[in-house]
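Each chain, written out:
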Amino acid sequence: MIKQSVIENVLEAALSTGGDFSEVFIEDKFVNECALQSGKIEQSISGRDFGIGIRIFSGLQSIYTYTNDFSEEGLLAAAKRAALAINGGATGTIQPLKKEIITPIHNIIILPNSVEHARKATVMRQANDIARNYDERISQVKVRYLDEEQHVLIANSEGKFVEDTRIHSRLVIQATASEGKEMQTGFYGPGAHAGFEFIENLNLEHYAGEAARIAVTMLHADECPSGKFPVIIDNEFGGVIFHEACGHGLEATAVAKNNSVFANRLGEKVAPDIVTYIDDGTLPNEWGSLNIDDEGEKTRKNILIENGILKGYMIDKFNARRMNAEPTGSSRRQSYRFNPTSRMTNTYIAPGTSTPDEIITSTEYGIYAKYMGGGQVNPSTGDYNFAVMEAYIVKDGKIDRPVRGATLIGNGAKTLQLVDRVGNNLAHGAGMCGSISGSLPVNVGQPMIRVSEMTVGGTKGE
Amino acid sequence: MNIAEYQEKLLDQAIEAGFTEAEVYFERKSSFQCMLYEGQIDSYETSEDGGLSLRALHNGKMGYAYTEKLDDDSMSFLINSVKANADVLDEDEGIDIFEGSNEYAPHNFYNEELETIGIPEKIELLRLIEQKIRAYDSRIITLDYCILEEYTTERSLTNSKNLSLSHKENGLVIFLSTVVKEGEELKTGSYLKMTRDFHTLNADEIAKAAAEEALANLGETSIPSGKYPIILRSDATASLLSTFMPILSAENAQKDQSLFKGKVGQKVASDALTLLNAPFHPEALSGASFDGEGVATTEQAIILDGTLQTLLHNRKTAKKEGSETSGHAHKDSYKGTLSIAPQNLYISPGKRSQEELVALVSEGVLITELSGLHSGTNTVSGDFSVAAKGFHIQDGKIGSPVKQMTIAGNFFEFLNNIEEISSKLFFLPDGYGSPSLLVKELSVTVE
């Protein structure tokens, strides 16, 4: 993308004021996005994102600059401008760049850019038809298709020089059901680190059908009662609860500065024995997977909590300095516009032994959250909240009736202690996670779990 | 390559390639951001970036493409992509490129002085603020965010109908999140300040406000869950307004995605509510004199004394209804297609102070912060159930902070339940503004 000699000069210029580490991240990304609504393909856009991020460390100080001026003069000027933030010190030296060849672990069969728009539109129309035909009360269906082909080159003053290509494909289906004055929506958004083969092989009957079914089910659901109940959270995207409640608190971004309830607690019991929590960026073709992270480190399987004991954190190169630890292949950024930091990839609760049926039949009264919406957390306090897209009351060990408008709130560290069942049906769901280094594809996953008590906020009151 | 030349060359090539009409939009941003951690510079960022998009008509259909790499290769990438993107569309509703409004309000969104003040002086101010916050009270343990960001953005829109418009704006935003601890209780409080005039920033005032915001959250108690009268503080109201903005979009109404469909001229809110679109509001940092299609923006009442005056239109939605655009076409950046958004949307202030509103409540809850808005709201049905922070109100006075809560209701009912509006307006950086509101009741669940 840019000549190696130019990269070397930029890495050197970045160290001209005494920095002890410099890095160049070059990104060239092609994206296609297409939207269907009211049965028509009505928006389609393609684009090319291109830019360079330059990072310098000086002890515990991190300097970042980015530009899309790719001329040698432009890049050198940017590096020098960034270096000005460091006071004095001798010029640092760089190691000779040594090209690393990576073995891709995610097999890509059909590059999205090689596929004609019309073929993508065909899949979108099929999804639309399935959702529309599900029920006459489906009044609107939106289908969004996305693909991206991201080429990255990462080089640093320690001699690293590595390139990678990441391919992402996603189809998002949103159905609206209406009757009288009532309107409700259902949503499903499968995605993968894969090419167009993922889109063409999608089980549309399932995904589009579920989006429509959720909307119709919620149309006449009662308002959710509020109070404290046992809550059963189903597998797959249900894992968003631990993504918010624990995952963010295990990122070095929060841990390095002790702004996390999990800081300085390695080896301590933070959860019941049945809880094992893992972040694994190597799962083949999963939405949150990568060959290498955005610092050029190979991704890996990081055990965060094992049988209830806190085993590790997700650590990037910069926070590793503050923590006196090694990076864990967890450094990510949305694009060259973001200073990378520790983030999740595919995070999940490992399967346990309970069957979903056992979990439900052993619950006298509670809430069953079948599909979760999104949520957020304050990592400093661990307080989280999130929305339930499709919820039911469980009564006498049976699923009783659907309820809507449920929000779950609580504290991550406390909720973790209250997990009393872990199912045997692990599955992963695709989502976007927003934090300081931007919005990233991540998987959340879990088997069905039960929390003995959670605060449920609903519209109905107690 | 010179941008004006690139734009002109691209327009010429587009017409040559068979497009009947074309528009080139360019945006360039430079920014500086600094984060302090315990007196030291933790991160320091600068940037110079931008991109360019081509929007053009091919066989009567509008295609889009953008690039951040401005070279000759990108011209053919843009032209081929726009063609492919136009051809795949099903719609052909005769939308076209705009020839220009008769006049555009001259308004300055840029303060040159802000850029001439050096970075060291700005970092020094942030350092001083951080120092003052940490010294303010022994219960303050750290700041988890202490950030200053400054930006300058330039935009230009040129099209084959000889319209050429440009816009330049800048601003500075300080964001502070203070962590406080007493016994085992750990709380945070965040504070945001934005300006275009550096000299209005007072370190003592900012530090005091940021520290008090966090300290007030200590000593939480629980109250029974139930329905309470609510004072929704200005900043929380502005964020709720921003989340529910899509209900005002004519495009959503036309696609059965807004319950405001067919409601223009009807009563949709309490008499107390007037909602204004103000592209030139002096207290807002955003705004523009032209919209995403190049249409001149104007001051407008969207809701007047509770009656819906208009939905937000672009030229396409207006054409569908045989009316004129209200100038609300929106381009998020060169990366997006055209959508709809207001330019500074705010609730018109009333006469009483927030304290006077609180004094009207015998028992209720003051809500100071909402979170989970992206997931806990349904803009189609109007239902919301979101996490909230706030205080118990008893006998007209603000009491203890309440444990984590959720508040739930329906936005359409909420609009009808507004009883009083305070006099002090607060704007978010994205241009949504509000005073504090007294609302009849909402469902409150306490952890």
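Residues numbered from 1 in each chain as written. Chains lettered and ligands numbered in written order. Predicted model: local features only at pLDDT ≥ 70, side-chain atom pairs only at ≥ 80, totals over all residues.

Caption draft 1: Structural view of the overall build of chain A. Tallying secondary structure elements over chain A gives ten helices and 24 strands in all. For 462 residues, the compact-globule estimate of 2.2 N^0.38 gives 23 Å, and chain A sits close to it at 24 Å. Projected onto the principal axes, the alpha-carbon positions of chain A cover approximately 70 × 55 × 35 Å. In chain A, which comprises 462 residues, the proportion classed as buried is 60%. Considering only contacts in chain A between residues 6 or more positions apart, those separated by 24 or more positions represent 75%. (Helix = DSSP H or I, 4+ residues; strand = E, 2+ residues; numbered from the N terminus. Rg over C-alpha atoms; globule rule 2.2 N^0.38 Å. Buried ≥ 20, exposed ≤ 12 C-beta atoms within 10 Å, placed from the backbone. Contact = placed C-beta atoms within 7 Å.)

Caption draft 2: Molecular detail of the pairing of strand β2 (residues 40–58) of chain B. Summarising burial for β2(B): 15 of the 19 residues are buried, a large majority. Here strand β3 (residues 61–67) of chain A runs beside β2(B); their pairing, made up of six bridges, is parallel. In the sheet register, A:Tyr64 faces β2(B), and the bridge partner there is B:Glu45. Direction of pairing for strand β1 (residues 21–37) of chain B relative to β2(B): antiparallel, over a ladder of 17 bridges. By the bridge assignment for β2(B), B:Ser31 is matched with B:Ser47. Counting the residues between successive antiparallel strands, the hairpin from β1(B) to β2(B) contains two residues, one of them, B:Glu38, with a positive phi of roughly 45°. Note: β2(B) against strand β3 (residues 61–67) of chain B, seven bridges, orientation antiparallel. Along β3(B), the bridge assignment pairs B:His58 with B:Lys61. (Pairing = 2+ DSSP bridges.)

Caption draft 3: Focus on unusual backbone geometry. If you check the backbone angles, A:Asn264 has positive phi at about 55° while not being a glycine. Inspection of the secondary structure puts A:Asn264 in the loop between α7 (252–255) and β11 (277–280).

Caption draft 4: Quick peek at the nonpolar core. Of all hydrophobic cores here, the largest spans 193 residues; its most connected members are A:Ala131, A:Ala215, A:Val231 and A:Met372. Those residues in contact with A:Val231, other than ones at most four positions away along the chain, are A:Gly366, A:Ile367, A:Ala369, A:Leu408, A:Val451, A:Met454 and A:Val456. Grouped together as the second largest cluster of nonpolar side chains are 56 residues, A:Ala14, A:Phe25, A:Val162 and B:Ala211 included. (Core = buried A, V, L, I, M, F, W, Y, C linked by C-beta atoms within 7 Å.)

Caption draft 5: Layout of the interface of chain B and chain A. Taken together, the contacts link 60 residues of chain B with 66 residues of chain A. Put simply, the parts of the chain that give the side of chain B that touches chain A at least two residues each are β2, β3, α2 (72–87), β6 (185–195), β7 (226–232), β15 (383–394), β16 (397–410) and β20 (437–446) of chain B. For the side of chain B that touches chain A, the element with the most residues is β2(B), which contributes eleven residues. Here the residues of the side of chain B that touches chain A are counted per class, giving 16 nonpolar, 28 polar and 16 charged. (Nonpolar A, V, L, I, M, F, W, Y, C, P; charged D, E, K, R; others polar.)

Caption draft 6: Seen up close, the sheet that holds strand β10 (residues 307–308) of chain B. All names here are of chain B. Ordered by their spatial adjacency, six strands build an open sheet running β10-β9-β8-β13-β19-β18, and the pairing between neighbours is mixed. Strands at the two margins of the open sheet, each flanked by one partner only, are β10 and β18 (426–427). The sheet contact formed by strand β9 (residues 300–304) and β10 spans two bridges and is antiparallel. Bridged to Leu 304 within β10 is Thr 307.

Caption draft 7: Representation of the pairing of strand β20 (residues 407–411) of chain A in the model. All names here are of chain A. In terms of burial, β20 is largely enclosed, as four of its five residues are buried. The pairing of strand β18 (residues 383–395) with β20 spans five bridges and is antiparallel. Its bridge partner being in β20, Asn 385 is matched across the sheet by Ile 409. Inspection of the sheet shows β20 paired to strand β24 (residues 449–457) by three bridges, in the antiparallel sense. Residue pairing in the sheet places Thr 407 in a bridge with Gly 457 of β24.

Caption draft 8: Representation of the sheet that holds strand β23 (residues 438–446) of chain A. Strand order in the open sheet formed by six strands is β13-β12-β11-β16-β23-β22 (chain A), and the pairing between neighbours is mixed. Of all the strands in the sheet, the pair left with one neighbour each is β13 (309–310) and β22 (427–435) of chain A.

Caption draft 9: A look at the packing of helix α4 (residues 119–136) of chain B against helix α5 (residues 203–215) of chain B. All names here are of chain B. It is at 9 Å that the axes of α4 and α5 come closest, and there the two elements cross at 45°. On the basis of the axis angle, α4 is oblique to α5. For the pair α4 and α5, the sense of crossing is right-handed. Residues Leu 125, Leu 128, Ile 129, Lys 132, Ile 133 and Tyr 136 of α4 pack against Ala 203, Asp 204, Ile 206, Ala 207, Ala 210 and Ala 211 of α5. Residues of the contact of α4 with α5, tallied by class, amount to ten nonpolar, no polar and two charged. (Axes fitted to C-alpha atoms, helices over the stretch in contact; angles between N-to-C directions. Parallel < 35°, antiparallel > 145°, perpendicular 65-115°, else oblique. Left-handed = near helix turned anticlockwise from the far one by under 90°.)

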